[in-house]
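Remarks on the overall topology
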Amino acid sequence: MLDNALQILSLEIKWPSGLIETFNNLDVNATIKATEGSGYEILNIIPSQKIYGCTDPISCNYNPDATLDDGSCSYIDSQTIVGNASSSFLSTETYSYAIGTESTASWQVTGGEIMSGQDTGQITVKWAIEEMGHISVTESNDTCSSLPVSIDVSLGADNLPTN
């Protein structure tokens, strides 16, 4: 990694033919084109710039100009999914997540089906005949999102619905 280097002291290229060429003292922001046995030429291309910042587009402080992630990304504070973590095959359960007033909740369920509530803070799920179910939710508003929050739901034959 070049980090804050201003110069590449040595670049060694091992060509498929077996030829090894070494180029010294290259500008770190230059774009070069190396040709086997013929050296290199500096191309007239705007060099890549090192711009540190948040590179995650769903974060609250995404920097579209950033080329290197600096670990500064921030997100909507995640909440907890509330609901039964143990249920029965073919049962219907309600799960909730406290979202902000300007937010929506994007729910995903495996091992069951969302019957109602997508984009809201509460969903109703009908579980299938699976050993495990999984629920995840991501809160979003006009500018950013939370990181996904999830729970696993164990499913079994106890307390099966009667109809």
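Residue positions are given per chain, counted from 1 along the sequence in the order it is written. Residue-level local features of this predicted model are given only where pLDDT is at least 70; pairs of side-chain atoms are given and counted only at 80 or more, and the full residue set underlies all totals for whole chains, interfaces and linings. As a rule here, side-chain values come from all non-hydrogen atoms in the structure, and water together with hydrogens is ignored.

1. Remarks on the sheet that holds strand 13 (residues 149-156)
By the convention used here, strands pair only if DSSP detects at least 2 bridges between them. Note on conventions: DSSP H or I runs of at least 4 residues are helices, E runs of at least 2 residues are strands, and numbering of each starts at the N terminus. In space, the 4 strands of this open sheet follow the order 7-13-12-9, with mixed pairing throughout. Of all the strands in the sheet, just strand 7 (86-88) and strand 9 (104-110) have a single pairing partner and so form its edges. Each strand axis lies, on average, 30° off the axis of its neighbour in the sheet, ignoring direction. Relative to strand 12 (residues 132-140), strand 9 runs antiparallel, the two being bridged by 7 bridges. Following the sheet pairing, Ser-106 is matched in strand 12 by Thr-138. To obtain an axis, a line is fitted to C-alpha atoms, over the contacting stretch when the element is a helix, and the angle between two such axes runs from 0 to 180 degrees between their N-to-C directions.

2. Quick word on the nonpolar core
Only buried Ala, Val, Leu, Ile, Met, Phe, Trp, Tyr and Cys residues count toward a nonpolar core, and they belong to the same one when joined by side-chain atoms within 4.5 Å. Three labels apply to residues, based on accessible area from a 1.4 Å probe with only protein chains included: buried if under 20% of the type maximum, exposed if over 50%, partly exposed otherwise in between. Counting 15 residues, the largest nonpolar core has Ile-81, Tyr-95, Trp-107, Trp-127 and Ile-135 as its most contacted members. At the level of secondary structure, the elements contributing two or more residues to this core comprise strand 9, strand 11 (122-127), strand 12 and strand 13. Here, two residues are considered to be in contact whenever any of their heavy atoms come within 4.5 Å of each other. Those residues in contact with Ile-81, other than ones at most four positions away along the chain, are Tyr-95, Ser-96, Tyr-97, Trp-107, Ile-135, Ser-136, Val-137, Val-149, Ser-150 and Ile-151.

3. Quick look at the pairing of strand 10 (residues 112-116)
Here 4 bridges tie strand 10 to strand 11, and the two strands are oriented antiparallel to one another. Looking at strand 11, one finds that Gly-112 is bridged to Trp-127. Following strand 10, the chain reverses through 5 residues before pairing antiparallel with strand 11; Gly-117 in that reversal takes a positive phi of roughly 105°.

4. Structural notes on unusual backbone geometry
Positive phi values are uncommon outside glycine, yet Leu-90 reaches one of about 65°. Of note, Leu-90 is situated in the loop between strand 7 and strand 8 (92-96). Overall, Leu-90 belongs to the partly exposed group, its relative accessible area being 42%. In the Ramachandran plot, Asp-119 falls in the positive-phi region, its phi being about 75° despite a non-glycine side chain. By secondary structure assignment, the location of Asp-119 is in the loop between strand 10 and strand 11. Note on Asp-119: relative accessible area 46%, which makes it partly exposed.

5. Some points on the sheet that holds strand 10
Here 3 strands make up an open sheet; going across it, the order is 8-11-10 and the pairing antiparallel. The open sheet is flanked by strand 8 and strand 10, the only strands paired with a single partner. This sheet shows a mean twist of 35° between the axes of neighbouring strands, independent of strand direction.

6. Here we look at the pairing of strand 12
Consecutive residues of a regular strand have side chains that alternate between opposite faces of the sheet. Relative to strand 13, strand 12 runs antiparallel, the two sharing 6 bridges. Counterpart to Val-137 in the pairing with strand 13 is Val-149.

7. Quick look at the state of the cysteines
Note that a disulfide, as used here, is simply two cysteine sulfur atoms within 2.5 Å. Enumeration over the complete set of coordinates arrives at 2 disulfides. The disulfide partner of Cys-54 is Cys-73, and the S-S distance across this bridge is 2.0 Å. With the S-S dihedral at roughly 105°, the linkage between Cys-54 and Cys-73 falls on the right-handed side. Taken together, the residues span a long stretch of sequence, with Cys-54 in the loop between strand 5 (52-53) and strand 6 (68-69) and Cys-73 in the loop between strand 6 and strand 7 at a distance of 19 residues. The residue that forms a disulfide with Cys-60 is Cys-144, at a sulfur-sulfur distance of 2.1 Å. Between Cys-60 and Cys-144 the sulfur-sulfur dihedral comes to about 70°; the bridge is accordingly right-handed. Taken together, the residues span a long stretch of sequence, with Cys-60 in the loop between strand 5 and strand 6 and Cys-144 in the loop between strand 12 and strand 13 at a distance of 84 residues. Its relative accessible area of 6% is what places Cys-144 among the buried residues. Along the protein chain, the cysteines engaged in disulfide bonds are linked according to the scheme 1-3, 2-4 when indexed in sequence order.

Honestly, that's just the spatial picture; any functional story needs more than this.
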